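Residues per chain are reported as follows:
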Amino acid sequence: MSDAEIGLIGLGTMGAALALNIADNGFKIAVWNRTTKKTTRFHEDASDLSDRIIPTEKLDELVAAIAKPRAIILMVPAGDPVDDQIAALRPLLEDDDMIIDAGNANFHDTNRRAQAAGELPFLGIGVSGGEEGARFGPSIMGGGKREHWDRVAHILTAIAAEHDGTPCATWMGDEGAGHFVKAVHNGIEYADMQMIAEIYGVMRDGHGMDHPGIAKTFAKWDDGPLKSYLIEISAKVAAAIDPETGYPMLDVIVDAAGQKGTGRWTAIEAQHLAAPVPVIEAAVAARNLSSQREARAKGEDLFGSAPKRLHDGMLPHDTLESALIAGKIICYAQGFGMIHAASDQFGWALPLPEIAKVWRAGCIIRSAMLDDMASSLADDADRNLMFAPHFASVLKNTHTALREVVAVSTTHGLAVPALSAALAYFDTMRTARGTANMIQGQRDFFGAHGFARFDGRTDQHGPWEG
Ligand code: 6PG
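Rules of the game
Residues numbered from 1 in each chain as written. Predicted model: local features only at pLDDT ≥ 70, side-chain atom pairs only at ≥ 80, totals over all residues. Heavy atoms only, no water. Helix = DSSP H or I, 4+ residues; strand = E, 2+ residues; numbered from the N terminus. Contact = heavy atoms within 4.5 Å. Salt bridge = Lys/Arg side-chain N within 4 Å of Asp/Glu carboxyl O. Buried < 20%, exposed > 50% of the residue type's maximum accessible area, 1.4 Å probe, protein only. Pairing = 2+ DSSP bridges. Axes fitted to C-alpha atoms, helices over the stretch in contact; angles between N-to-C directions. Near = heavy atom within 4 Å. Polar contact = N/O pair within 3.5 Å; in protein donor to acceptor, adjacent residues only side chain to side chain. Areas by Shrake-Rupley, 256 points an atom, 1.4 Å probe, with all protein chains shown as cover. Right-handed = clockwise from strand over helix to strand, strands pointing away.

*Asks:* What am I meant to see in the environment of Gly413 here?
*Replies:* Structurally, Gly413 is set in the loop between helix H18 (389–411) and helix H19 (417–428). Linking Gly413 and Asp164, residues 249 residues apart in sequence, is a C-alpha distance of 44 Å. When neighbours within four sequence positions are excluded, Gly413 is seen to be in contact with Ala306 and Lys308.

In structure tokens:
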């Protein structure tokens, strides 16, 4: 019977959760996995949803089970497996059947796949929210032809998270636009996480606080302007106890961060776009350095550990909270700046306020602040978010705290690279007369590259000697 409204390939953690979400929202879905055992088990475990799930053992059975024109979601690992799956699937499909890549693809790959698809319907959608989000409501960032998005929008909006009744599923633009926005989301995710980890370090090593105390502090901040999923889970992570040893979980977790590479893509792309995201870059670098555990231990042996412990009264909790608020605004200003630059570069007209809205629920970086960001960007999407009246006023009240945290941490040897990068960006962006005149002088000195003068003349050269 060809009556499934949609198909899904790949029943890994995210694929399985997404398939259940689709069935749970009343849509009949046909599923297929490379190993049939997984498909069978998935169907058995789906209990009361199993009526709406059609398990299939072969690709052509999957295709035959879906009503025309078909739509099939791919939830396979990013990279070659997506190309392989498309190559296996396309010959079985008709011209108006649609393939939807819902994995964490590099948007350049999505651009290429969309171009290769030509008139054949193809969407690349970024799905955020981890397993829980995929199962009960992710944030969805769509890319591809608008008419193709419209064909499946009723399903994607039904399964997405909602913020005050508005579904967090939006079409972002052609080709890889959805995966591009998802990459920036992940870059911001890295930066948000890193800044929280740096403040955690100040509390742990600077203040000598125990984990329950740190957990309480994060939980308190989750009731204020920092209210967000990442602050909420940081409180929970800090409070958790290892059932095996009875120690705080954070005392048994190795301090070397993993990564699948999406944050790195964002940092690299920002460089190509000349739209710097130094807070995200710092976060990516910090993850890489965290993995160099042996080298760090060697460094500590060689140079001794930094003093770290702060005197009483230094960096009160309110100051730490304000520093995080400032860092977060600055980081998002960079992220949205990068999206704005990509819009120009790729001709996408990316809807900045809508992007802030789609991140308000379901995704990993969801936070109370995104609502105000959506309003500020709606007023003037071209402007640096730091200059929007609401955020300018918050920054005026918090940037001194950011400076204090960076300054005191630095003099005490507490590494705060992402917060430092945020402060340096802030200082750079409020300095009308910078120091690049020296760079221009140097360039002209050694390479006759020319410079502009304040009197308006361009391509000038200096009277350099020797
Ligand atoms: C999301 C996340 C997710 C990402 C993981 C792991 O939005 O749901 O961004 O897509 O894959 O968070 O990412 P790293 O392994 O790179 O930390």
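From this point, the narrative continues.
*Asks:* For this particular structure, what's the right way to read the pattern of salt bridges?
*Replies:* Note that side chains of opposite charge can pair when their charged atoms are close. With the rule as written, the count across this model stands at 22 salt bridges. Between Arg112 and Asp109 there is a salt bridge whose closest N-O contact spans 3.4 Å. With Arg112 and Asp109 both in helix H5 (residues 107–117) and 3 residues apart, the pair spans about one turn of that helix. Using a relative accessible area of 39% as the deciding quantity, one classes Arg112 as partly exposed. By relative accessible area, which is 23% here, Asp109 ends up partly exposed. A salt bridge links Asp427 to Arg430; the shortest N-O distance between them is 3.5 Å.

*Asks:* For this particular structure, what's the right way to read the sheet that holds strand S7 (residues 139–144)?
*Replies:* Through backbone hydrogen bonds, the strands of a sheet pair up, either in parallel or in antiparallel fashion. The mixed open sheet is built from 8 strands, whose spatial order is S3-S2-S1-S4-S5-S6-S7-S10. A single partner strand is all that each edge strand has here, and the edge strands are strand S3 (53–56) and strand S10 (169–173). Averaged over all neighbouring strand pairs, the angle between strand axes comes to 25°, with direction disregarded. As defined by bridge partners, strand S2 (residues 29–32) adjoins S3 across 4 bridges and the pair is classed as parallel.

*Asks:* What is the right way to read the site of the ligand from this model?
*Replies:* Lining the immediate surroundings of the ligand are 15 residues, of which Ser128, Lys182, Glu189, Tyr190 and Arg287 lie closest. In the model, an oxygen atom of the ligand is placed 3.0 Å from a nitrogen or oxygen of the Gly130 main chain. In this structure, Glu189 approaches the ligand through a side-chain N or O atom, which is 2.6 Å from an oxygen atom. For the ligand, the protein covers 81% of the area, taking 410 Å² as the surface of the free molecule.

*Asks:* Any chance you could explain the pairing of strand S1 (residues 6–9) here in plain terms?
*Replies:* Side-chain positions along a regular strand alternate between the two faces of the sheet. Side-chain alternation along S1 places Ile6 and Leu8 on one buried face and Gly7 and Ile9 on a second face that is also buried. Relative to S2, S1 runs parallel, the two being bridged by 4 bridges. Opposite Ile9, over in S2, you have Trp32 as the bridge partner. Crossover connection from S1 via helix H1 (residues 13–24) to parallel S2: handedness right-handed.

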